[in-house]
There are 2 protein chains.
Amino acid sequence: MARWEPNASERLTEAAMELFAERGYGKTTVEDIAARAGLTERTFFRYFTDKREVLFAGSELFVKKVVDAVRSAPKSSSPLDVVLSAYEETNDFFEERRPFARRRNALIAAHPELQERELIKMTSLTTAITDALKQRGTSSAAASLAAEAGLAILRVGFDQWTKDLKDRSLVFHLRAARRQLEAIVGGSKKRTRHG
Amino acid sequence: MARWEPNASERLTEAAMELFAERGYGKTTVEDIAARAGLTERTFFRYFTDKREVLFAGSELFVKKVVDAVRSAPKSSSPLDVVLSAYEETNDFFEERRPFARRRNALIAAHPELQERELIKMTSLTTAITDALKQRGTSSAAASLAAEAGLAILRVGFDQWTKDLKDRSLVFHLRAARRQLEAIVGGSKKRTRHG
């Protein structure tokens, strides 16, 4: 029987991130990760299905937090406010994980198979948000547009947050991206063409 | 040597769409498709790598048309106008293909592996548009936001277009989706919270 190991998940994650940085993602095995963490492979597989999941285990929790926040948002809020407030509630979750998030972003950018997985996760997040908005009574088209506009803001805001040398908060960067999207969507020079 | 067959690609596409509707996508083989079209499997493989590509061959052309239009847009246009004008230029391309687009949409909605492929294609489109906007001098964040806002409008506009019982044009639906996005992004009830 495997014995209980304190902080096994955190130790495995830390070991994996070290090894991905030292040897590269492709050359790191589950065996290496477990050895570096001073744990067995069997313990690894109690927490993660494979080495890729070390990078994605947190996404499940993120999606759950966001969808719960959308579901419990005040009825009077506009769809985009609902989505962005839900993202803002994850500020502290990410603040604790900024060094991890930075290394994770760099790894994903360098590996197409990780990009694909991230893409699919983000799409299932958008679908879950769209459904939660529709359950609040938002029309299907407006729910899709608000969820996708929210995702655009999250992508840009998150990217700026990971790159910010001044370490300003995710909320700061989400609001900046929202204002920028407002300027882009509302600020057409040719409004009358589309009016 | 395979002899030249007139309209082979169109005949194969038509045969595939018929069979997907009659037997289901999963139960249709390349052999079936070639036989229905009165052509050989060898001829099929000169046009498509597999049966899935029957549904995606047109996307390459669509991406090329859109990216070319972004590249040749007037310097004075705003990033979102550039993207949407590029999508509007594909109006006639899609008008000729509305029945195909409707059947294709239904197939993709029913098959997760096709959804995944569509998602990856749409992401590479967004990346190509973002890069083309950056080459025009748009900042990286603004280029991403305009490309993703454009994609949100395309998704919703295209979906409404395939469902429209009145057969109004893609341009009509893109403009309607744009106005709706403007209302969603600009129309927050709590602007001051984010100001």
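Keep in mind the model is a prediction, meaning the values are calculated, not measured.

### A look at the nonpolar core
Reasoning step 1: Counting 80 residues, the largest nonpolar core has A:Phe62, A:Tyr87, A:Leu125, A:Ile129, B:Phe62, B:Tyr87 and B:Ile129 as the members making the most contacts within it.
Reasoning step 2: Setting aside chain neighbours within four positions, we find A:Tyr87 in contact with A:Phe62, A:Val66, A:Leu125, A:Ile129, A:Gly150, A:Leu151, A:Leu154 and A:Leu174.

### A short note on the relation of the copies chain A and chain B
Two chain copies, one operation linking them: a rotation about an axis together with a shift along it.
Reasoning step 1: For the match of chain A to chain B, the screw axis carries a shift of 0.0 Å, the RMSD comes to 0.0 Å, and the turn is 180 degrees. The transformation relating the two chain copies, once decomposed into turn and shift, fits a two-fold axis.
Reasoning step 2: When the interface residues of chain A are mapped onto chain B, 100% of them again fall at the interface, so both copies present the same face.

### Considering the interface of chain A and chain B
Reasoning step 1: On the side of chain B, 40 residues touch chain A, which itself brings 40 residues to the contact.
Reasoning step 2: Of the roughly 3,700 Å² buried at the junction of chain A and chain B (both faces included), carbon and sulfur atoms supply 59%.
Reasoning step 3: Viewed at the interface, chain B and chain A are joined by two salt bridges.
Reasoning step 4: Measuring nitrogen to oxygen at the nearest pair gives 2.9 Å for the salt bridge that ties A:Arg155 to B:Glu148.
Reasoning step 5: At the boundary of chain A and chain B, one finds two residue pairs in polar contact (both at pLDDT 80 or more).

### Brief notes about helix 4 (residues 53–71) of chain A
Every α-helical turn comprises 3.6 residues, leaving residues that sit three or four positions apart pointing alike.
Reasoning step 1: Along its 19 residues, helix 4 of chain A runs 27 Å from first to last C-alpha, staying within 8% of the 27 Å computed at 1.5 Å per residue.
Reasoning step 2: Every buried residue of helix 4 of chain A is listed here: A:Glu53, A:Val54, A:Leu55, A:Phe56, A:Ser59, A:Phe62, A:Val63, A:Val66, A:Val67, A:Ala69 and A:Val70.

### Concerning the confidence of the model for chain A
All names here are of chain A.
Reasoning step 1: Confidence along chain A averages 91 in pLDDT terms, with 93% of residues attaining 70 or more.
Reasoning step 2: Low confidence marks residues 188–195, where pLDDT is under 50. Its contacts with residues over four positions away, or in another chain, come to 19 contacts.
Reasoning step 3: Scored as a whole, the predicted complex attains pTM 0.86, and scored at its interfaces, ipTM 0.83.

### Things to note about the packing of aromatic side chains
Reasoning step 1: Tallied over the full model, the rule gives 18 aromatic pairs over all chains.
Reasoning step 2: Seen from their ring centres, A:Phe44 and A:Phe48 are 5.3 Å apart, and the 45 degrees between their planes marks the pair as tilted.
Reasoning step 3: With relative accessibility at 0%, the residue A:Phe44 sits in the buried group.
Reasoning step 4: Taking relative accessible area as the criterion, A:Phe48 reaches 5% and is therefore assigned buried.
Reasoning step 5: Pairing B:Phe94 with B:Trp161 gives two aromatic rings, centres 5.9 Å apart and planes at 70 degrees, and the pair type is edge-to-face. Of this pair, B:Phe94 sits in helix 6 (residues 91–95) while B:Trp161 sits in helix 9 (residues 140–163), and the two are 67 residues apart along the sequence.
Reasoning step 6: With a relative accessible area of 9%, B:Phe94 lands in the buried category.
Reasoning step 7: The class of B:Trp161 is buried, set by a relative accessible area of 0%.
Reasoning step 8: Positioned above the aromatic ring of A:Phe56 is the side chain of A:Arg117, whose terminal nitrogen or guanidinium carbon lies 5.5 Å from the ring centre.
Reasoning step 9: Of note, B:Arg104 hangs over the ring of B:Phe56, and the distance from its end group to the ring centre comes to 4.9 Å.

Each value, and the rule that gives it
- Within every chain, residues take consecutive numbers counted from 1 along the sequence as written.
- In the order they appear in the text, chains get letters beginning with A and ligands get numbers beginning with 1.
- The predicted nature of this model means local features are confined to residues of pLDDT at least 70 and side-chain atom pairs, given and counted, to a pLDDT of 80 or more, with totals for whole chains, interfaces and linings taken over all residues.
- For side-chain calculations, the full set of non-hydrogen atoms in the structure is used, while hydrogens and water are omitted.
- Put simply, a nonpolar core is a bunch of buried Ala, Val, Leu, Ile, Met, Phe, Trp, Tyr and Cys residues held in one set by side-chain atoms that sit within 4.5 Å of each other.
- Exposure classes here rest on a 1.4 Å probe applied to the protein chains alone. A residue is buried below 20% of its type maximum, exposed above 50%, and partly exposed in between.
- By definition in these notes, contact holds between two residues if any of their heavy atoms fall within 4.5 Å.
- The atoms used to superpose the copies are C-alpha atoms, taken from residues with pLDDT of at least 70 in both, and the fit is least squares.
- The term buried area means the drop in 1.4 Å probe accessible area that two parts suffer when joined, counted for both and summed.
- A pairing counts as a salt bridge when a side-chain nitrogen of Lys or Arg comes within 4 Å of a carboxyl oxygen of Asp or Glu.
- Throughout this description, a polar contact denotes any pair of N or O atoms lying within 3.5 Å of each other; where both atoms belong to protein, one of them has to be capable of donating a hydrogen while the other can accept it, and for residues adjacent in sequence the pair is counted only when both atoms sit in side chains.
- A helix here means a DSSP run of H or I that spans at least four residues, while a strand means a run of E at least two residues long, and both kinds are numbered starting from the N terminus.
- Multiplying one less than the number of residues by 1.5 Å gives the expected span of a helix.
- Within a predicted model, pLDDT stands for the predictor's per-residue confidence, ranging from 0 to 100.
- Any pair of Phe, Tyr and Trp rings, taking the six-membered ring for Trp, is counted once the centres come within 6.5 Å. Such a pair is stacked with planes under 30 degrees apart, edge-to-face with planes over 60 apart, and tilted for the rest.
- The criterion is that NZ of a Lys, or CZ of an Arg, lies within 6 Å of the ring centre and within 35 degrees of the ring normal, and then a charge sits over that ring.

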